[in-house]
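Chain and residue survey
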Protein chains: 2
Amino acid sequence: MGKIVCAVDLGGTKINTGLVTEDGKVIKSVKIPTNASEGPDAILGRIKKSIHDVLKMASLSAKDICGIGVGSPGPLDPVEGVVISPSNLPGWNRVPVVQILKDEFGIPVALNNDANSAALGEYIFGSGKGTKNFVYMTISTGIGGGVIIDGKLYSGTNCNAAEVGHATIDFKGPKCNCGNYGCLEVFASGTGLAKIARKAVESGKNTIIKDIAGEQPIKAEHVFEAAKRGDEVAKKLLDDEAFYLGIGISNIMMFYNPERIAVGGGMSKQWDILEDRVMEVVKERTLQPLWEVCPVVKAELGDDIGVLGAAALMI
Amino acid sequence: MGKIVCAVDLGGTKINTGLVTEDGKVIKSVKIPTNASEGPDAILGRIKKSIHDVLKMASLSAKDICGIGVGSPGPLDPVEGVVISPSNLPGWNRVPVVQILKDEFGIPVALNNDANSAALGEYIFGSGKGTKNFVYMTISTGIGGGVIIDGKLYSGTNCNAAEVGHATIDFKGPKCNCGNYGCLEVFASGTGLAKIARKAVESGKNTIIKDIAGEQPIKAEHVFEAAKRGDEVAKKLLDDEAFYLGIGISNIMMFYNPERIAVGGGMSKQWDILEDRVMEVVKERTLQPLWEVCPVVKAELGDDIGVLGAAALMI
C-alpha cells in the first residue's frame, strides 16, 4: 500500500479528514460539521476524534502513518504551526494546532493555509505534475492562489504570497473588502460578478437574470444560466468576466513566469465558457515569451482538493 | 585577498568589465564603448580583450579567478548560456556567450539578464543582505525587477520572471511599447512621467516645466526640478508618480510577500521626494500582514550595480 498520510481539511463549515496514499488516493475519509461558533477547544476535539476515526476505519494506528497535514483558513504561521485568527473561525487566537496534534498522535504534523495546500495538492497529484514553476488560482466567492517555485511551495515571508486576488488591476476601481480598490477579486470573483450583475439589473437593463434568480439574491450561477439561454446582458457580463480574468492571469505570468497555471474553485466549472476570451486577452496583454511557455489549464482534483492538498503538505 | 571573479556588464552603449572580490570590492575595472552597430563578433572580441586587460592590470591569469559572470540585456537563456536577440544589440541572434568565453578562458561562466543580475548583486552585496525573500525594482527609462526566493535568484521558466513594469495596474490605461495597456511602466517610468508631463504642458497648464527643459524635450528630471522650485503642476505630477509606484509596490507585495523591496535605477535618486506618498499608498492598498513585514528601501550599489550584479552571478 506504500506510505500513508492523514489529511485534515479544516474549513469554516466542515472538517474533512482522510487517509491518503502517496500517489493521491483517498482510502478512508470522514466529513463532519465544523460548528465554528463552538470555538477552538470543541473543534480541536472533533479534529482529533476524526483522525482516530479514520485510523480505526482502516485498522491502523498513528505509528502506521507518516504524519498529519492540516490545511486551514489563514492567517496562520506554518513555521510555528499556529493558526492565528481566521475570520471564519471565531475565537481562534494563535492556536498551536501542530503542537496539539503532535502531542495527541506522536507523529509529524504540517500546517499551511488552504490556498497554498490546494496549490501543492494540484502540483503533486493533479494539474501541476511534471512542472517546476506552477501557479494555482482559485476562483470562487473570492480569488486566491498558491505558487510552486523550483518544485517547492513558496509561502512567502509570513505565508501571504500569491495574494493574486488582491493585486490591483484598475487603480480607479471599486473598493474591495480587503481595503484595496480595483483588485482582481472585486471584478472577477463569484461575489464580484454577482454584484456587477445586480447593478445591471437595478439599472433597468433588459435581462432575464432576475427571473432566473427568482426570490434568491442574484448569484454568479444565475448569470451563467442566463447567458446559456442567450441573454445578451448576461453574455456581456461574462465577456467582461473573462476580460478581468485575462488581466489577472497576465499579471500572474508577468510576476512568476510559470510553466503552467491551473484554474480551480467553484467558478472554474464554467471555465469552458470563459476560456477562449480569457486566453485572447492574455495573449493580447502579455509579453509573448511569457504566454507561449505557459498553458492555462483546469485544476484536476475537484472536490478532493482540500484533503489532497492537506495530504500534500506531508508528502 | 580571498576569491576573485571577473564581471562583465554588457550594455547597449558601454561594456563595464571588472575584477570583484567575494565581499564585493571592485579591484580593477575598465569601461569601453559597446559600439553596438558593429555586431556580435566585434563586441565579443572587445569583451575578451577587456577581460584580458583587467587580468593583466591585476597581474593575474584566468586560472587565478573563480569564473566570469556576464550581465546582458535580455531576452537570453541563462541555462543554455545564450543571448537571444536584445533590442539594443542589433545582429545578435542566439549568441552562445557562455561557451565562447569558456573556450577563451577555460573557467566557469554564468549569464543572466541585467535586471536579474542587479537583483542578485543587491541581494549579495547591498540592500538585500540578510533576507531570504527580496525584490529589486529598477525605475529608470523603463521599470524592471528581479526576485530572490528562499535565498536564490528566481529567473522564471524562461528568464522572464519579475516583469513588474509590465503588469497591469489600470486595464483601461494607455498602450505601452510592450503591447499591454495600463502597465506600471507606462505611468511610472521616467519615460512615462516625461510623456505625461509633455501632455500637461501641451494642454496649456500653467507650469515652468517647459522653461526648465528649454530646447530639450521634456524629461522626468525637469519635472523634479520644477517641483523643487514650487511648481504646482509638477508637484501634482510627482504626487501621481508616487501613487503609481505605490500601486506597483503593493502588487509586488501581494505576489511575492517579500521581506524587503529595494528601489534602484536613475529615478530612485529622487526616492526621498517620493517615498512618503509611495508608502502612504502602499499601506492604504495592501493587506497589512504584507506591508508590515516588508520595508521598502533604496538600493545601495549605485553605479557599480552592473558589475557587482554580474559578479554576483558567479559567487
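Report on the accompanying structure. (Residues numbered from 1 in each chain as written. Chains lettered and ligands numbered in written order. Predicted model: local features only at pLDDT ≥ 70, side-chain atom pairs only at ≥ 80, totals over all residues. Heavy atoms only, no water.)

Turning our attention to the overall build of chain A. A tally of helices and strands in chain A yields eleven helices and twelve strands. Against the compact-globule benchmark of 20 Å for 315 residues, chain A has a radius of gyration of 20 Å, which places it among compact chains. Its C-alpha atoms give chain A principal-axis dimensions of about 60 × 50 × 35 Å. Each of the 315 residues in chain A was classed as buried or not, and the buried ones make up 57%. Partitioning the intrachain contacts of chain A with sequence separation of at least 6 by distance along the chain shows that 62% fall at a separation of at least 24. The centroid of the 33 positive side-chain charges in chain A is displaced by 2 Å from the centroid of its 37 negative side-chain charges. (Helix = DSSP H or I, 4+ residues; strand = E, 2+ residues; numbered from the N terminus. Rg over C-alpha atoms; globule rule 2.2 N^0.38 Å. Buried < 20%, exposed > 50% of the residue type's maximum accessible area, 1.4 Å probe, protein only. Contact = heavy atoms within 4.5 Å. Lys, Arg positive; Asp, Glu negative; His and termini not counted. Charge placed at Lys NZ, Arg CZ, Asp CG, Glu CD.)

Before going further, it helps to spend a moment on the sheet that holds strand β11 (residues 260-264) of chain B. Residue and element names in this part refer to chain B. Spatially, β10-β9-β8-β11-β12 is the arrangement adopted by the five strands of the open sheet, whose pairing is mixed. Every other strand in the sheet has two partners, leaving β10 (152-154) and β12 (296-298) as the edge strands with one partner each. Strand after strand, the sheet turns through a mean of 30° between neighbouring axes, direction not considered. Both β11 and β12 contribute to a ladder of three bridges, which runs parallel. Within β12, the residue paired with Ala-262 across the bridge is Val-297. This element, helix α8 (residues 232-256), spans β8 (134-139), β9 (143-149), β11 and β12 of the sheet and lies at about 155° to β8. (Pairing = 2+ DSSP bridges. Axes fitted to C-alpha atoms, helices over the stretch in contact; angles between N-to-C directions.)

Here the focus is the environment of A:Asn158. Along the chain, A:Asn158 falls in the loop between β10 (152-154) and α4 (184-188). On the basis of relative accessible area, A:Asn158 is assigned to the partly exposed category, the value being 25%. When the C-alpha positions of A:Asn158 and A:Pro78 are compared, they lie 8.3 Å apart, and in sequence the two are 80 residues distant. Ignoring sequence-local partners within four residues, the contact set of A:Asn158 consists of A:Leu76, B:Asn257, B:Pro289 and B:Val293. A polar side-chain atom of A:Asn158 sits 2.9 Å from a polar atom in the side chain of B:Asn257. (Polar contact = N/O pair within 3.5 Å; in protein donor to acceptor, adjacent residues only side chain to side chain.)

Another aspect to go through is the pairing of β9(B). Residues and elements named next belong to chain B. Counting buried positions over the seven residues of β9 gives seven, a clear majority of the element. Here β8 runs beside β9; their pairing, made up of six bridges, is antiparallel. When the sheet's bridge partners are listed, Val-135 is paired in β9 with Val-147. Hairpin connection of β8 to β9: three residues between the antiparallel strands. When β9 meets β10, the two strands line up antiparallel, connected through three bridges. Opposite Ile-149, over in β10, you have Lys-152 as the bridge partner. Connecting β9 to the antiparallel partner β10 that follows it, the hairpin turn spans two residues, and Asp-150 within it adopts a positive phi of roughly 50°.

This next bit is on the packing of aromatic side chains. The way to describe two aromatic rings as a pair is by their centre distance and the angle between their planes. Taken as a whole, this structure holds 16 aromatic pairs over all chains when the rule is applied. Relative to B:Tyr244, the ring of A:Phe171 lies with its centre 5.5 Å away and its plane at 45°, an arrangement referred to as tilted. Remark: B:Tyr244 occurs in helix α8 and A:Phe171 occurs in the loop between β10 and α4; the pair is interchain, linking two chains. Exposure remark for A:Phe171: the relative accessible area of 8% places this residue in the buried category. Looking at B:Tyr244, the relative accessible area reads 12%, which means it is buried. Ring geometry for B:Phe243 against B:Tyr244: centres 5.9 Å apart, planes inclined by 70°, an arrangement best described as edge-to-face. Taken as a pair, B:Phe243 and B:Tyr244 share a single burial class, namely buried. Chaining the aromatic ring pairs together yields one cluster made of A:Phe171, B:Phe187, B:Phe243 and B:Tyr244. (Phe/Tyr/Trp six-rings, centres within 6.5 Å; stacked < 30°, edge-to-face > 60°.)

All right, on to the pattern of salt bridges then. Should their charged atoms come close, side chains of opposite charge can pair. On inspection of all chains with the given rule, the structure shows 28 salt bridges over all chains. Here B:Lys152 and A:Asp150 are joined by a salt bridge, their closest N and O atoms 3.7 Å apart. Residue B:Lys152 is located in strand β10, and its partner A:Asp150 is located in the loop between β9 (143-149) and β10; the two belong to separate chains. The exposed category is assigned to B:Lys152, whose relative accessible area is 51%. (Salt bridge = Lys/Arg side-chain N within 4 Å of Asp/Glu carboxyl O.)

Take the packing of helix α3 (residues 114-125) of chain A against helix α11 (residues 305-312) of chain A next. Residue and element names in this part refer to chain A. Where α3 meets α11, the closest approach of the two axes is 7 Å, and the angle between their N-to-C directions is 85°. Here α11 runs roughly perpendicular to α3, going by the angle between their axes. Across the interface between the two elements, Ser-117, Ala-118, Leu-120, Gly-121, Glu-122, Ile-124 and Phe-125 from α3 touch Ile-305, Leu-308, Gly-309, Ala-310 and Ala-312 from α11. (Parallel < 35°, antiparallel > 145°, perpendicular 65-115°, else oblique.)

For the pair chain A and chain B, the superposition axis carries a translation of 0.0 Å, the fit reaches an RMSD of 0.0 Å, and the rotation angle comes to 180°. Accordingly, the operation relating the two chain copies is best matched by a two-fold axis. The overlap is high: 100% of the interface residues of chain A also sit at the interface in chain B, so the same surface is used on both sides. (Least-squares fit on C-alpha atoms with pLDDT ≥ 70 in both.)

All names here are of chain B. When strand β2 (residues 14-21) meets strand β3 (residues 26-33), the two strands line up antiparallel, connected through seven bridges. Across the sheet, residue Asn-16 finds its bridge partner in β3, namely Lys-31. Here β2 hands over to β3 after four residues, with Gly-24 in that stretch at a positive phi of 85°.

At the junction of the two partners, chain A supplies 44 residues and chain B supplies 44 residues. Buried area between chain A and chain B, both sides added, is near 3800 Å², and the carbon and sulfur share of it is 57%. Ranking the residues of chain A by area buried against chain B places A:Phe171, A:Phe255 and A:Arg285 at the top, with a combined share of 22%. Our count for the chain A to chain B interface comes out at four salt bridges. The residue B:Asp170 makes a salt bridge to A:Lys172 at a minimum N-O spacing of 3.0 Å. The tally of links between chain A and chain B comes to 40 residue pairs in polar contact (both at pLDDT 80 or more). Residue assignment for the side of chain A that touches chain B shows that the elements contributing at least two residues are β10, α8 (232-256), α9 (271-285) and α10 (288-291) of chain A. In terms of residue class, the side of chain A that touches chain B is built from 24 nonpolar, twelve polar and eight charged. (Buried area = accessible area lost by both parts, 1.4 Å probe. Nonpolar A, V, L, I, M, F, W, Y, C, P; charged D, E, K, R; others polar.)

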